[in-house]
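Now for the letters of each chain:
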Amino acid sequence: MNHDSQFTSSPCGWQTGSNRDQEVRVTPPEVEVEDARTPTPAVRRRKERHLRILRATEDCLREDGQTGAQMALIAVRAGVSVGVLYKHYPSRAALIADVYERTAARELEEIRQAAQRAGGGPIVRLTQALRTFCDRALRGGRFTYAIMVEPAEAAVEERRRDYRYRFSAFFAELLNEARKREEIPDQDIELAATGALAAMVEVLVPPLLHDPCTSMDKDNAVIEGLVRFVLRAVGAEPSYGPR
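A short tour of the structure in this document, coming up. None of the values given here were measured: they were computed from a predicted structure.

Along the protein, the regular secondary structure elements total 8 helices and 0 strands. Along the protein, helices and strands appear, N-terminal first, in the series α-α-α-α-α-α-α-α. Taking all 243 residues of the protein together, the buried fraction comes to 52%. About 11,500 Å² of surface is accessible on the protein, with carbon and sulfur atoms providing 51% of the total.

What follows is the structure, encoded as structure tokens:
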């Protein structure tokens, strides 16, 4: 299994959920950008059609993974012709890459918000960020696996690499602050952040693919075990760990 590509959205986690009907802010260069100042009926219809395409793609990924997200099937589920679908995206790779980028951007923001809400010192915020990442990934289920690690086209892998860096960079910000405050020992922060992310993905992938967690207790055990592992790996004091 190729675990080099590491990240997740679905109706609840690397998720689409309550965000499905909101305007998404990431616009691929392949998609023509309409002028928001002129919401004519044609513009509204195009935006609605674009959202249907994104939802249909997410549904296909959730049900059958990358192999199930074929342009003809997506077009049928979105209620558009294949020709119309190609007017929005020049290729399947461009469409999947856009879905990934929208999902990853949203998940990164969720993690940032969770850390901010936690307050306290950097390790307290890191703990909440790690917990949120794991929780949302597990709740995303099959969609998480498809969008995070399942083998995909080069355009998707490129977006994955970009967001692996962004997630790691956010964890590194918190770890660097913790080092300055002497909450953790001096260490290679970039290495620690990258290793933390890789460890979480490696542990989360098998349950997503082979044994989806259906028990809240089982989910929580996986999440808390991972959070404790990462905190110990970076040398955080036990008092900073999960409550």
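Among the residues of helix 2 (residues 71-78), M71, I74, A75 and A78 are the ones counted as buried. Each buried residue of helix 2 lies within a common arc of 100 degrees when the element is viewed along its axis, so the set occupies one face. Contact partners of the buried residues in helix 2: helix 1 (41-68), helix 3 (82-88) and helix 4 (92-118). Following helix 2 by one or two positions, G79 adopts a phi angle in the positive range, close to 75 degrees.

Here we come to helix 1. The first and last C-alpha atoms of helix 1 sit only 32 Å apart over 28 residues, clearly below the 40 Å expected at 1.5 Å per residue. Of all the bends in helix 1, the greatest, near 95 degrees, is centred on R62.

Right, let's talk about the environment of E182 for a bit. Residue placement: E182 occurs in the loop between helix 6 (154-180) and helix 7 (189-209). Sequence separation between E182 and A236 is 54 residues; the distance between their C-alpha atoms is 9.5 Å.

Let us now look at the environment of A78. Topologically, A78 is positioned in helix 2. A C-alpha to C-alpha distance of 8.2 Å links A78 and L54, two positions 24 residues apart in sequence.

Okay, the environment of A154 next. With respect to the helices, strands and loops of the structure, A154 is situated in helix 6. Exposure remark for A154: the relative accessible area of 60% places this residue in the exposed category. Taking C-alpha positions, A154 is 9.1 Å from A97, a pair spaced 57 residues apart along the chain.

Okay, the side chain of R102 next. Tracing the sequence through the fold places R102 in helix 4. You can call R102 buried: its relative accessible area is 7%. A polar contact is formed between the side chain of R102 and the side chain of D98, at a distance of 2.8 Å.

With that out of the way, let us pick up the packing of helix 1 against helix 5 (residues 122-148). Contact pair helix 1 / helix 5: the axes reach a minimum separation of 8 Å and the direction vectors enclose 85 degrees. Classified by the angle their axes make, helix 1 and helix 5 are roughly perpendicular. Where helix 1 approaches helix 5, its residues E58, L61, R62, D64, G65 and Q66 are matched on the opposing element by R142, F143, A146 and I147.

Attention now moves to the packing of aromatic side chains. Scanning the model with the defined rule gives 3 aromatic pairs in all. Residues F133 and F167 carry aromatic rings whose centres are separated by 5.7 Å and whose planes lie at 75 degrees to one another, so their mutual orientation is edge-to-face. Of this pair, F133 sits in helix 5 while F167 sits in helix 6, and the two are 34 residues apart along the sequence. Taken individually, F133 and F167 each receive the classification buried, so the pair is uniform in this respect. On the numbers, 6.2 Å between centres and 45 degrees between planes, the contact of F170 with F171 is tilted. The same class applies to F170 as to F171, namely buried. A cation sits over an aromatic face here: R166 above Y163, 4.5 Å from the ring centre.

Cut-offs and rules
Residues numbered from 1 in each chain as written. Predicted model: local features only at pLDDT ≥ 70, side-chain atom pairs only at ≥ 80, totals over all residues. Heavy atoms only, no water. Helix = DSSP H or I, 4+ residues; strand = E, 2+ residues; numbered from the N terminus. Buried < 20%, exposed > 50% of the residue type's maximum accessible area, 1.4 Å probe, protein only. Areas by Shrake-Rupley, 256 points an atom, 1.4 Å probe, with all protein chains shown as cover. Arc of directions from axis to C-beta. Contact = heavy atoms within 4.5 Å. Expected span 1.5 Å × (residues − 1). Bend = angle between axes of the 7 residues up to and from the residue. Polar contact = N/O pair within 3.5 Å; in protein donor to acceptor, adjacent residues only side chain to side chain. Axes fitted to C-alpha atoms, helices over the stretch in contact; angles between N-to-C directions. Parallel < 35°, antiparallel > 145°, perpendicular 65-115°, else oblique. Phe/Tyr/Trp six-rings, centres within 6.5 Å; stacked < 30°, edge-to-face > 60°. Lys NZ or Arg CZ within 6 Å of the ring centre and 35° of its normal.

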